[in-house]
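Notes for the structure review
This is what each chain is made of:
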Amino acid sequence: MLDQIRGLHHVTSMAKEARQNNAFFTGNLGLRRVKKTVNFDAPDVYHLYYGNEVGTPGTVMTYFPFPNIARRHPGTGEVGTTVFSVPQGTLGYWQERFEGEGVNGLALDESFGEKRLSFAGPDGDGFALVETKDDARAPWTKSDVPADEAIRGFHSVSLRLKDGGATEELLGFMGYQPVDTSGNVKRLAIPGGNGADFIDIETMPGGNRAGLGAGSVHHVAFAVENRAKQLEVRKALMDTGYQVTPVIDRDYFWAIYFRTPGGVLFEVATNEPGFDRDEDTAHLGEALKLPTQHEHLRKSLEAHLQPITD
(Lines give C-alpha, C1' and ligand atoms only; values in the text may rest on other atoms or scores of the structure.)
Protein backbone atom coordinates (compact mmCIF):
# COMPACT_ATOMS: atom_id res chain seq x y z
CA MET A 1 0.00 0.00 0.00
CA LEU A 2 1.26 3.46 -0.93
CA ASP A 3 1.75 6.17 1.71
CA GLN A 4 2.83 9.09 -0.49
CA ILE A 5 -0.62 10.43 -1.47
CA ARG A 6 -1.96 13.26 0.68
CA GLY A 7 -5.48 13.73 -0.67
CA LEU A 8 -6.83 15.60 -3.69
CA HIS A 9 -4.59 18.07 -5.52
CA HIS A 10 -7.03 19.51 -8.07
CA VAL A 11 -10.10 18.64 -10.13
CA THR A 12 -10.17 19.57 -13.82
CA SER A 13 -13.43 19.95 -15.73
CA MET A 14 -14.72 21.17 -19.06
CA ALA A 15 -16.87 24.22 -19.76
CA LYS A 16 -18.43 25.97 -22.74
CA GLU A 17 -17.87 29.65 -21.99
CA ALA A 18 -14.78 31.11 -20.29
CA ARG A 19 -16.27 34.37 -18.96
CA GLN A 20 -19.31 32.60 -17.54
CA ASN A 21 -17.07 30.02 -15.91
CA ASN A 22 -14.82 32.69 -14.42
CA ALA A 23 -17.81 34.68 -13.13
CA PHE A 24 -19.28 31.61 -11.43
CA PHE A 25 -16.14 30.61 -9.55
CA THR A 26 -14.83 34.04 -8.64
CA GLY A 27 -18.30 35.58 -8.14
CA ASN A 28 -20.85 33.00 -6.97
CA LEU A 29 -18.34 30.79 -5.13
CA GLY A 30 -15.95 33.55 -4.05
CA LEU A 31 -12.77 31.72 -5.08
CA ARG A 32 -9.64 33.34 -6.43
CA ARG A 33 -8.52 32.87 -10.00
CA VAL A 34 -4.93 31.82 -9.34
CA LYS A 35 -3.84 31.18 -12.92
CA LYS A 36 -4.91 32.15 -16.43
CA THR A 37 -3.06 30.00 -18.90
CA VAL A 38 -3.84 27.66 -21.83
CA ASN A 39 -4.37 23.98 -22.45
CA PHE A 40 -0.94 22.44 -23.18
CA ASP A 41 -2.40 20.25 -25.94
CA ALA A 42 -4.85 22.81 -27.37
CA PRO A 43 -3.34 26.26 -26.74
CA ASP A 44 -6.28 28.06 -28.35
CA VAL A 45 -8.29 27.02 -25.26
CA TYR A 46 -7.86 28.52 -21.79
CA HIS A 47 -6.85 26.58 -18.72
CA LEU A 48 -8.31 28.47 -15.76
CA TYR A 49 -7.47 27.68 -12.13
CA TYR A 50 -9.50 28.75 -9.06
CA GLY A 51 -8.64 28.22 -5.39
CA ASN A 52 -7.53 29.96 -2.22
CA GLU A 53 -4.97 32.76 -2.04
CA VAL A 54 -2.00 30.73 -3.33
CA GLY A 55 -3.76 27.78 -4.94
CA THR A 56 -2.89 25.33 -2.17
CA PRO A 57 -3.17 21.71 -3.32
CA GLY A 58 -6.58 20.43 -2.28
CA THR A 59 -8.32 23.75 -3.04
CA VAL A 60 -7.94 24.13 -6.81
CA MET A 61 -10.72 23.65 -9.36
CA THR A 62 -9.54 24.01 -12.95
CA TYR A 63 -11.34 24.30 -16.28
CA PHE A 64 -10.86 23.91 -20.02
CA PRO A 65 -13.51 26.16 -21.66
CA PHE A 66 -14.15 24.80 -25.19
CA PRO A 67 -16.51 27.25 -26.97
CA ASN A 68 -18.12 24.67 -29.28
CA ILE A 69 -18.38 21.77 -26.87
CA ALA A 70 -21.71 19.97 -26.36
CA ARG A 71 -23.10 19.43 -22.86
CA ARG A 72 -22.22 16.21 -21.05
CA HIS A 73 -24.51 13.22 -20.70
CA PRO A 74 -24.41 12.12 -17.03
CA GLY A 75 -23.83 8.46 -16.32
CA THR A 76 -21.32 5.96 -15.05
CA GLY A 77 -17.56 6.10 -15.45
CA GLU A 78 -17.32 9.71 -14.33
CA VAL A 79 -17.11 12.04 -11.35
CA GLY A 80 -20.71 12.75 -10.35
CA THR A 81 -20.26 15.45 -7.72
CA THR A 82 -17.36 17.67 -6.68
CA VAL A 83 -17.80 18.71 -3.05
CA PHE A 84 -16.35 21.74 -1.27
CA SER A 85 -15.85 22.19 2.47
CA VAL A 86 -17.43 25.13 4.31
CA PRO A 87 -17.56 25.89 8.06
CA GLN A 88 -20.32 24.49 10.23
CA GLY A 89 -23.46 26.61 10.37
CA THR A 90 -22.89 28.33 7.01
CA LEU A 91 -25.21 26.50 4.61
CA GLY A 92 -28.00 28.96 5.37
CA TYR A 93 -25.75 31.78 4.15
CA TRP A 94 -24.87 29.87 0.99
CA GLN A 95 -28.46 28.88 0.23
CA GLU A 96 -29.64 32.49 0.55
CA ARG A 97 -26.70 33.69 -1.55
CA PHE A 98 -27.30 31.13 -4.30
CA GLU A 99 -31.05 31.78 -4.36
CA GLY A 100 -30.39 35.49 -4.78
CA GLU A 101 -27.95 34.82 -7.60
CA GLY A 102 -30.13 32.36 -9.47
CA VAL A 103 -27.86 29.34 -9.02
CA ASN A 104 -29.63 26.20 -10.25
CA GLY A 105 -30.25 22.80 -8.71
CA LEU A 106 -30.35 23.81 -5.05
CA ALA A 107 -31.15 20.97 -2.63
CA LEU A 108 -30.47 20.55 1.09
CA ASP A 109 -29.85 17.12 2.54
CA GLU A 110 -27.50 15.19 4.78
CA SER A 111 -24.71 12.84 3.70
CA PHE A 112 -22.69 10.66 6.06
CA GLY A 113 -23.93 12.76 8.98
CA GLU A 114 -22.86 16.03 7.34
CA LYS A 115 -25.20 18.81 6.22
CA ARG A 116 -24.96 19.33 2.49
CA LEU A 117 -26.17 21.84 -0.11
CA SER A 118 -26.17 20.54 -3.68
CA PHE A 119 -26.15 22.92 -6.64
CA ALA A 120 -25.35 23.02 -10.35
CA GLY A 121 -22.64 24.90 -12.19
CA PRO A 122 -23.21 26.89 -15.40
CA ASP A 123 -22.89 23.76 -17.56
CA GLY A 124 -24.90 21.50 -15.27
CA ASP A 125 -21.81 20.51 -13.30
CA GLY A 126 -22.61 18.56 -10.14
CA PHE A 127 -21.45 20.40 -7.00
CA ALA A 128 -22.15 20.42 -3.29
CA LEU A 129 -21.06 22.29 -0.17
CA VAL A 130 -20.61 20.24 3.00
CA GLU A 131 -20.37 21.68 6.51
CA THR A 132 -17.10 20.45 7.99
CA LYS A 133 -15.93 20.81 11.57
CA ASP A 134 -12.43 22.16 12.26
CA ASP A 135 -11.26 22.64 8.67
CA ALA A 136 -8.23 24.83 9.35
CA ARG A 137 -7.39 25.61 5.72
CA ALA A 138 -7.21 29.33 4.96
CA PRO A 139 -9.85 30.63 2.52
CA TRP A 140 -9.55 33.38 -0.06
CA THR A 141 -10.64 36.49 1.85
CA LYS A 142 -10.76 39.20 -0.84
CA SER A 143 -14.07 38.26 -2.42
CA ASP A 144 -17.47 39.41 -1.18
CA VAL A 145 -17.93 36.13 0.73
CA PRO A 146 -17.15 36.74 4.43
CA ALA A 147 -14.14 34.77 5.68
CA ASP A 148 -16.26 32.96 8.27
CA GLU A 149 -18.46 31.49 5.52
CA ALA A 150 -15.89 31.06 2.74
CA ILE A 151 -15.01 27.79 1.00
CA ARG A 152 -11.98 26.09 2.54
CA GLY A 153 -11.15 23.76 -0.33
CA PHE A 154 -12.28 20.37 -1.55
CA HIS A 155 -14.04 17.94 0.74
CA SER A 156 -14.48 15.04 -1.68
CA VAL A 157 -15.41 13.79 -5.11
CA SER A 158 -17.92 11.07 -5.87
CA LEU A 159 -17.20 8.48 -8.55
CA ARG A 160 -20.24 7.02 -10.35
CA LEU A 161 -19.35 3.48 -11.42
CA LYS A 162 -21.17 0.42 -12.74
CA ASP A 163 -19.03 -1.73 -10.45
CA GLY A 164 -16.93 -0.05 -7.78
CA GLY A 165 -14.94 -3.09 -6.67
CA ALA A 166 -11.81 -2.72 -8.79
CA THR A 167 -11.64 1.06 -8.23
CA GLU A 168 -12.04 0.56 -4.49
CA GLU A 169 -9.15 -1.91 -4.62
CA LEU A 170 -7.05 0.64 -6.52
CA LEU A 171 -7.83 3.40 -4.01
CA GLY A 172 -6.92 1.00 -1.20
CA PHE A 173 -3.56 0.46 -2.88
CA MET A 174 -3.20 4.27 -3.09
CA GLY A 175 -3.64 4.53 0.70
CA TYR A 176 -7.37 5.16 1.04
CA GLN A 177 -9.31 3.34 3.74
CA PRO A 178 -13.07 2.63 3.91
CA VAL A 179 -14.76 4.67 6.63
CA ASP A 180 -18.52 4.37 6.03
CA THR A 181 -21.28 3.13 3.73
CA SER A 182 -24.65 4.73 3.00
CA GLY A 183 -26.93 2.90 0.59
CA ASN A 184 -25.03 2.35 -2.66
CA VAL A 185 -22.27 4.81 -1.69
CA LYS A 186 -19.04 3.78 0.01
CA ARG A 187 -16.78 6.48 1.52
CA LEU A 188 -13.00 6.14 1.62
CA ALA A 189 -10.54 8.51 3.31
CA ILE A 190 -6.81 9.13 3.22
CA PRO A 191 -5.31 9.16 6.74
CA GLY A 192 -3.42 12.33 7.64
CA GLY A 193 -4.46 14.06 4.45
CA ASN A 194 -4.44 17.70 3.34
CA GLY A 195 -8.13 18.33 4.14
CA ALA A 196 -9.40 17.17 0.75
CA ASP A 197 -9.46 13.65 2.11
CA PHE A 198 -12.54 11.76 0.87
CA ILE A 199 -13.55 9.74 -2.17
CA ASP A 200 -17.11 8.43 -2.44
CA ILE A 201 -17.82 5.47 -4.72
CA GLU A 202 -21.42 5.40 -5.94
CA THR A 203 -22.26 2.05 -7.52
CA MET A 204 -24.88 2.21 -10.31
CA PRO A 205 -25.04 -1.24 -11.97
CA GLY A 206 -27.79 -0.26 -14.40
CA GLY A 207 -26.43 3.15 -15.32
CA ASN A 208 -25.59 4.21 -18.87
CA ARG A 209 -22.06 5.24 -19.74
CA ALA A 210 -21.42 8.97 -19.28
CA GLY A 211 -20.76 11.14 -22.33
CA LEU A 212 -17.93 13.67 -21.99
CA GLY A 213 -18.86 17.31 -22.55
CA ALA A 214 -19.34 20.69 -20.90
CA GLY A 215 -19.90 20.08 -17.19
CA SER A 216 -17.86 16.86 -17.16
CA VAL A 217 -14.89 16.33 -14.90
CA HIS A 218 -11.95 15.56 -17.19
CA HIS A 219 -9.71 14.15 -14.45
CA VAL A 220 -9.12 14.00 -10.71
CA ALA A 221 -5.61 14.76 -9.43
CA PHE A 222 -4.08 13.42 -6.22
CA ALA A 223 -1.35 15.26 -4.31
CA VAL A 224 2.16 14.10 -3.53
CA GLU A 225 4.81 16.22 -1.88
CA ASN A 226 7.48 16.19 -4.58
CA ARG A 227 8.85 14.53 -7.69
CA ALA A 228 10.68 11.81 -5.78
CA LYS A 229 7.41 10.71 -4.12
CA GLN A 230 5.68 10.88 -7.50
CA LEU A 231 8.23 8.56 -9.08
CA GLU A 232 7.71 6.08 -6.25
CA VAL A 233 3.96 6.14 -6.93
CA ARG A 234 4.49 5.77 -10.68
CA LYS A 235 6.74 2.73 -10.26
CA ALA A 236 4.34 1.08 -7.82
CA LEU A 237 1.36 1.61 -10.14
CA MET A 238 3.26 0.27 -13.14
CA ASP A 239 4.47 -2.74 -11.14
CA THR A 240 0.81 -3.42 -10.37
CA GLY A 241 -0.07 -3.40 -14.07
CA TYR A 242 -1.36 0.13 -14.68
CA GLN A 243 -0.39 2.00 -17.84
CA VAL A 244 1.02 5.28 -16.50
CA THR A 245 2.25 8.20 -18.59
CA PRO A 246 5.79 9.54 -18.26
CA VAL A 247 6.17 12.53 -15.94
CA ILE A 248 4.87 15.68 -17.67
CA ASP A 249 5.90 19.20 -16.68
CA ARG A 250 2.74 21.28 -16.24
CA ASP A 251 4.68 24.41 -15.17
CA TYR A 252 3.00 24.62 -11.73
CA PHE A 253 3.31 20.91 -10.90
CA TRP A 254 4.58 17.69 -12.46
CA ALA A 255 1.93 15.20 -13.48
CA ILE A 256 1.40 11.54 -14.33
CA TYR A 257 -1.89 10.08 -15.59
CA PHE A 258 -3.57 6.68 -15.72
CA ARG A 259 -7.07 5.34 -16.41
CA THR A 260 -8.91 3.61 -13.57
CA PRO A 261 -10.86 0.34 -13.92
CA GLY A 262 -14.13 2.30 -13.69
CA GLY A 263 -13.08 4.64 -16.51
CA VAL A 264 -12.22 7.80 -14.55
CA LEU A 265 -8.91 9.43 -15.44
CA PHE A 266 -6.61 9.86 -12.43
CA GLU A 267 -3.59 12.14 -12.16
CA VAL A 268 -0.90 12.25 -9.50
CA ALA A 269 0.48 15.81 -9.20
CA THR A 270 3.30 17.30 -7.14
CA ASN A 271 2.79 20.08 -4.61
CA GLU A 272 5.85 21.77 -6.11
CA PRO A 273 6.67 24.28 -7.55
CA GLY A 274 3.30 26.08 -7.12
CA PHE A 275 1.43 28.87 -8.85
CA ASP A 276 3.80 31.64 -7.74
CA ARG A 277 6.66 30.33 -9.89
CA ASP A 278 5.90 32.93 -12.61
CA GLU A 279 3.73 35.51 -10.78
CA ASP A 280 4.00 37.04 -7.34
CA THR A 281 1.23 36.10 -4.92
CA ALA A 282 -0.40 39.54 -5.02
CA HIS A 283 -1.05 39.25 -8.77
CA LEU A 284 -1.84 35.57 -9.31
CA GLY A 285 -4.22 34.90 -12.19
CA GLU A 286 -4.10 38.38 -13.67
CA ALA A 287 -1.83 38.04 -16.72
CA LEU A 288 -2.07 35.41 -19.44
CA LYS A 289 0.79 33.00 -18.72
CA LEU A 290 1.87 30.70 -21.54
CA PRO A 291 3.92 27.51 -21.47
CA THR A 292 7.35 28.12 -22.96
CA GLN A 293 6.57 26.03 -26.05
CA HIS A 294 3.55 28.23 -26.83
CA GLU A 295 5.06 31.64 -26.07
CA HIS A 296 5.65 32.26 -29.78
CA LEU A 297 1.87 32.11 -30.24
CA ARG A 298 1.16 34.89 -27.74
CA LYS A 299 0.03 37.52 -30.23
CA SER A 300 -2.42 35.23 -32.03
CA LEU A 301 -3.68 33.67 -28.78
CA GLU A 302 -4.35 37.04 -27.17
CA ALA A 303 -6.35 37.99 -30.28
CA HIS A 304 -8.26 34.69 -30.25
CA LEU A 305 -9.00 34.03 -26.59
CA GLN A 306 -12.04 35.67 -25.02
CA PRO A 307 -10.77 38.49 -22.77
CA ILE A 308 -11.08 37.83 -19.03
CA THR A 309 -10.08 40.85 -16.98
CA ASP A 310 -11.84 40.47 -13.61
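Structure first, text after, so check above.
All of the points below concern the structure found in this document. No experiment lies behind these values; they were computed from the predicted model shown.

Here we take up the nonpolar core. Within the largest apolar cluster, 62 residues are counted, with the highest numbers of intra-cluster contacts made by L171, F222 and F266. Beyond its immediate stretch of four places on either side in the chain, F222 contacts I5, G7, L8, H9, L171, M174, Y176, I199, F266, E267, V268 and A269. If you look at the next biggest cluster of nonpolar residues, it comprises 12 residues, including A221, A255, A269 and L284.

Quick look at the side chain of D251 now. Here D251 lies in the loop between β14 (248-249) and β15 (253-259). Despite its burial, D251 pairs with no opposite charge, the nearest such side chain being R277 at 4.3 Å. Not counting the four nearest positions on each side in its chain, D251 is found in contact with F40, P273, R277 and P291.

Okay, unusual backbone geometry next. Cis rather than trans, the peptide bond between E272 and P273 has omega equal to -5°. Following the sequence through the fold, P273 ends up in strand β16 (residues 265-273). Positive phi is not limited to glycine here, since F112 has a value of about 50°. Relative to the assigned elements, F112 resides in the loop between β6 (107-111) and β7 (114-120).

Every buried residue of helix α2 (residues 91-101) is listed here: L91, W94, R97 and F98. Buried residues of α2, viewed axially, fall in a sector of 125°; they line one side. Set apart from the buried face of α2 by more than 90 degrees, the exposed residues are E96 and G100. Turning to α2, the residues buried within the fold contact α1 (18-28), β5 (78-87), β6, β7 and β8 (126-132). Just beyond α2, the residue with positive phi is G102, at close to 75°.

This paragraph deals with α1. Side chains of residues three or four places apart in an α-helix project in the same direction, reflecting 3.6 residues per turn. Every buried residue belonging to α1 is among A18, N21, N22, F24, F25 and N28, and all of these are buried. With a side-chain oxygen lying 3.2 Å from the backbone nitrogen of R19, the N-terminal cap of α1 falls on E17. Positive phi appears at G30, one or two residues downstream of α1, with a value of about 70°.

Right, let's talk about the packing of aromatic side chains for a bit. Within the structure shown, the criterion is met by 20 aromatic pairs. The interplanar angle of 75° and the centroid separation of 6.5 Å between the aromatic rings of F64 and F66 together place this pair among those described as edge-to-face. Relative accessible area serves as the criterion here: at 9%, F64 is assigned to the buried category. Looking at F66, the relative accessible area reads 23%, which means it is partly exposed. Consider the rings of F222 and F266, whose centres lie 4.7 Å apart with planes at 65°: the pair is edge-to-face. Placement of the pair is F222 in strand β13 (residues 217-224) and F266 in strand β16, with a sequence separation of 44 residues. The buried category is assigned to F222, whose relative accessible area is 0%. Taken together, the ring pairs connect F24, F25, Y50, Y63, F84, Y93, W94, F98, F119, F127 and F154 into an aromatic cluster.

In this section: the environment of F25. Secondary-structure assignment places F25 in helix α1. In this structure F25 comes out as buried when scored by relative accessible area, which is 0%. Considering only alpha carbons, one finds F25 and P122, 97 residues apart in sequence, at a separation of 9.9 Å. Residues in contact with F25, not counting those within four places in the same chain, are G30, L31, Y50, M61, Y63 and F127.

About the cut-offs
Residues numbered from 1 in each chain as written. Predicted model: local features only at pLDDT ≥ 70, side-chain atom pairs only at ≥ 80, totals over all residues. Heavy atoms only, no water. Core = buried A, V, L, I, M, F, W, Y, C linked by side-chain atoms within 4.5 Å. Buried < 20%, exposed > 50% of the residue type's maximum accessible area, 1.4 Å probe, protein only. Contact = heavy atoms within 4.5 Å. Helix = DSSP H or I, 4+ residues; strand = E, 2+ residues; numbered from the N terminus. Lys, Arg positive; Asp, Glu negative; His and termini not counted. Salt bridge = Lys/Arg side-chain N within 4 Å of Asp/Glu carboxyl O. Arc of directions from axis to C-beta. Polar contact = N/O pair within 3.5 Å; in protein donor to acceptor, adjacent residues only side chain to side chain. Phe/Tyr/Trp six-rings, centres within 6.5 Å; stacked < 30°, edge-to-face > 60°.

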